[in-house]
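# Survey of secondary and tertiary structure
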Amino acid sequence: MRQSTDNFLALSLFVLFFANFIYSVIYFYNDFPNGYVWGELFIKYTDGFVRRGLTGYLLYHAANFLNVHIVWTVFISFVYILFFVKIYSFIRENVSYFFTIVLFFSPALLAFLVKDPDLFGRKDILFLALLAIIMAKASAIIISPGKQGKAWLTIALCYLVAFLIHEITLFFALLPALLVLHANKKHTPATVAAIGAVFLLSILFAVHFQGTAAMREAMFHDWQALIPDFTTQGGMRFIGKDISSHATPFPWLQNGNLRFSYIAAWLLALLPLGLLMYVYRFHTVCTDVLGRGMTWLAYGGALFPAVVLTFMINDFGRTISYSCLMFLLFALHILHIYRDRHGDLPVRPCFTQLHFANTPVLIGSLYYLLCWKLYHYVPLSMEPRIISLSF
């Protein structure tokens with residue numbers, strides 16, 4: 001009976017997740033070429049160096065001999081699938097089945113990436129995947145610190161590409177940077193200097209290369225020549241504009257409903273993470289792996305992007321979700337390193353028999369349904385519309 005309950009609930013969640021994923025792919029495909037996401041993807045370098053231009057540069061040159069509509073839809077869908085498969089396997093490898101289900105299917109964490117079709121296809125999945133690769137490579141170096149030349153080359157390339165894809169990478173790259181520092185602790189000053197240089201260059205890139213109105217119109221007409229149906233600029237329309245003048249700092253302070261949404265967004269994302277940290281004694285584990293100082297830096301690195309970006313832009317649901325997701329991946333790598341060193345994790349005695357059945361099934365289901373109802377994506381339009389919770 002217990003096994004059948006497990007299988008039924010897990011299968012139901014997989015079906016719901018997969019159906020939502022397919023719907024998002026179809027929605028994204030049909031939104032070509034005038035959707036917000038497509039316009040952002042079309043930002044390119046050929047009319048001047050500008051932030052976020054890497055994908056558009058590649059797509060523009062590929063458009064001469066490929067159907068970018070089909071090619072990018074297939075490519076980005078494959079990236080999503082590979083990302084989800086790898087993350088699910090990694091979660092399952094390191095924690096219990098109950099935590100695997102709750103963490104993987106939570107619309108406040110991983111499932112947030114496909115829950116709403118307006119979010120699907122953004123560059124977010126690319127820099128999140130690249131940062132996940134950086135953490136995986138750094139973790140592998142920490143576990144096996146032998147000859148890892150290819151791993152270091154991969155880390156360097158992932159950092160470079162991630163920053164070129166989206167300047168917001170800067171805020172979410174702090175936790176991967178801690179693992180990279182620890183992986184190369186024998187050469188800490190050089191590593192700090194290299195990472196610092198990359199971060200400073202990314203700040204310069206984000207601030208100085210915002211483009212101009214003339215560049216925006218030029219790239220818009222370039223794409224129109226290739227795709228006559230491209231009549232609205234979508235995400236491209238913010239090139240050459242002062243984004244901060246269109247955003248309301250701390251929009252969640254404007255009224256009670258938004259304040260409640262902001263608090264609920266944090267609680268829904270932190271609830272499973274807090275339980276995971278409690279059950280597996282994360283603070284003790286992280287201190288053993290990284291040391292006390294870097295452990296507290298990790299907590300600060302997890303909160304920093306959500307707090308800073310909440311002030312700078314309005315989509316606090318997205319920034320909170322990504323911040324908690326990056327901390328989840330970081331925590332799983334710390335647990336993985338500790339298990340490799342000590343053979344097992346220090347699970348609290350009251351949870352040693354925790355199984356995804358009966359009460360945990362009920363708790364997990366209620367949490368999942370609550371997140372699915374409340375955590376919602378609303379496309380950012382620089383009015384005060386936000387990505388937050390819907391009722």
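Data block above holds the structure.
The structure contained in this document is the topic of the report that follows. Just so it is clear, the model here is predicted, and its values are computed rather than measured.

Before going further, it helps to spend a moment on the overall build of the protein chain. Broken down by element type, the protein chain carries 17 helices and 0 strands. Counting only residues that meet the buried cut, the protein chain has 54% of its 391 residues in that class. Pairs at least 24 residues apart make up 77% of the contacts formed inside the protein chain by residues separated by at least 6 positions. With an accessible surface of roughly 17100 Å², the protein chain has 69% of that area assigned to carbon and sulfur atoms.

The next point concerns unusual backbone geometry. A cis geometry characterises the amide bond from Phe32 onward to Pro33, with omega recorded as -5°. Of note, Arg52 is a non-glycine position whose phi angle comes to about 65°, a positive value. When you line up the elements, Arg52 lands in the loop between α2 (36–41) and α3 (54–62). In this model, Arg281 sits at a positive phi of 50°, which is unusual for a non-glycine residue. Its place among the elements puts Arg281 in the loop between α13 (256–279) and α14 (282–290).

Two elements in contact, helix α8 (residues 149–165) and helix α10 (residues 174–183), have axes whose closest approach is 13 Å; the angle formed by their N-to-C orientations is 155°. Classified by the angle their axes make, α8 and α10 are roughly antiparallel. Relative to α10, α8 is oriented so that their crossing is left-handed. Listed contacts from α10 to Trp152, Ile155 and Tyr159 of α8 are Pro176, Ala177, Val180 and Ala183. A breakdown of the residues in the contact of α8 with α10 according to their chemical character gives 7 nonpolar, no polar and no charged.

Right, let's talk about the nonpolar core for a bit. Leu113 and Phe330 are the most contacted members of the largest nonpolar core, which totals 126 residues. Among the elements that make up this core, the one with the highest residue count is helix α16 (residues 316–342) (16 residues). Non-local contacts of Leu113, meaning those with residues more than four positions away in its chain, are made with Tyr80, Phe83, Phe84, Leu119, Phe120, Ile125, Leu128, Tyr322 and Leu325.

Further remarks concern the environment of His221. Structurally, His221 is set in helix α12 (residues 213–226). For His221, a relative accessible area of 46% gives the class partly exposed. As for His221 and Gln233, which are separated by 12 residues in sequence, their C-alpha atoms are 9.9 Å apart.

Attention shifts here to the packing of α10 against helix α11 (residues 188–208). Here α10 crosses α11 at 155°, and the two axes come no closer than 10 Å. The angle between α10 and α11 falls in the class roughly antiparallel. As α10 packs across α11, the resulting crossing turns out to be right-handed. Facing Leu174, Ala177, Val180 and Leu181 of α10, the residues of α11 in contact are Thr188, Thr191, Val192, Ile195 and Phe199. A per-class count over the contact of α10 with α11 returns 7 nonpolar, 2 polar and no charged.

Here we take up the side chain of Lys44. Position of Lys44 relative to the elements: it lies in the loop between α2 and α3. With a relative accessible area of 0%, Lys44 lands in the buried category. Here the side chain of Lys44 touches Thr46 through a polar contact of 2.3 Å, side chain to side chain. Within the structure, the side chain of Lys44 is placed 2.8 Å from the side chain of Asp222, a separation counted as a polar contact. In this structure Lys44 touches Val50, Gly53, Gly56, Tyr57, Tyr60, Met219, Asp222 and Trp223, once residues within four positions along its chain are discounted.

This brings us to the pattern of salt bridges. Enumeration according to the criterion identifies 9 salt bridges in this entry. A salt bridge links Glu167 to Arg52; the shortest N-O distance between them is 2.8 Å. You can see Glu167 sitting in the loop between α8 and α9 (169–172) and its partner Arg52 sitting in the loop between α2 and α3, a full 115 residues away along the chain. When the shortest N-O distance is used, the salt bridge between Asp124 and Arg318 registers 2.7 Å. Of this pair, Asp124 sits in helix α7 (residues 124–143) while Arg318 is found in helix α16, placing the two residues 194 residues apart along the sequence. On the basis of relative accessibility, which here comes to 2%, the residue Asp124 falls in the buried class. Overlapping salt bridges, with partners in common, bring together Glu40, Arg51, Arg52, Arg122, Asp124, Glu167 and Arg318 in one network.

Basis of the calculations
Residues numbered from 1 in each chain as written. Predicted model: local features only at pLDDT ≥ 70, side-chain atom pairs only at ≥ 80, totals over all residues. Heavy atoms only, no water. Helix = DSSP H or I, 4+ residues; strand = E, 2+ residues; numbered from the N terminus. Buried < 20%, exposed > 50% of the residue type's maximum accessible area, 1.4 Å probe, protein only. Contact = heavy atoms within 4.5 Å. Areas by Shrake-Rupley, 256 points an atom, 1.4 Å probe, with all protein chains shown as cover. Axes fitted to C-alpha atoms, helices over the stretch in contact; angles between N-to-C directions. Parallel < 35°, antiparallel > 145°, perpendicular 65-115°, else oblique. Left-handed = near helix turned anticlockwise from the far one by under 90°. Nonpolar A, V, L, I, M, F, W, Y, C, P; charged D, E, K, R; others polar. Core = buried A, V, L, I, M, F, W, Y, C linked by side-chain atoms within 4.5 Å. Polar contact = N/O pair within 3.5 Å; in protein donor to acceptor, adjacent residues only side chain to side chain. Salt bridge = Lys/Arg side-chain N within 4 Å of Asp/Glu carboxyl O.

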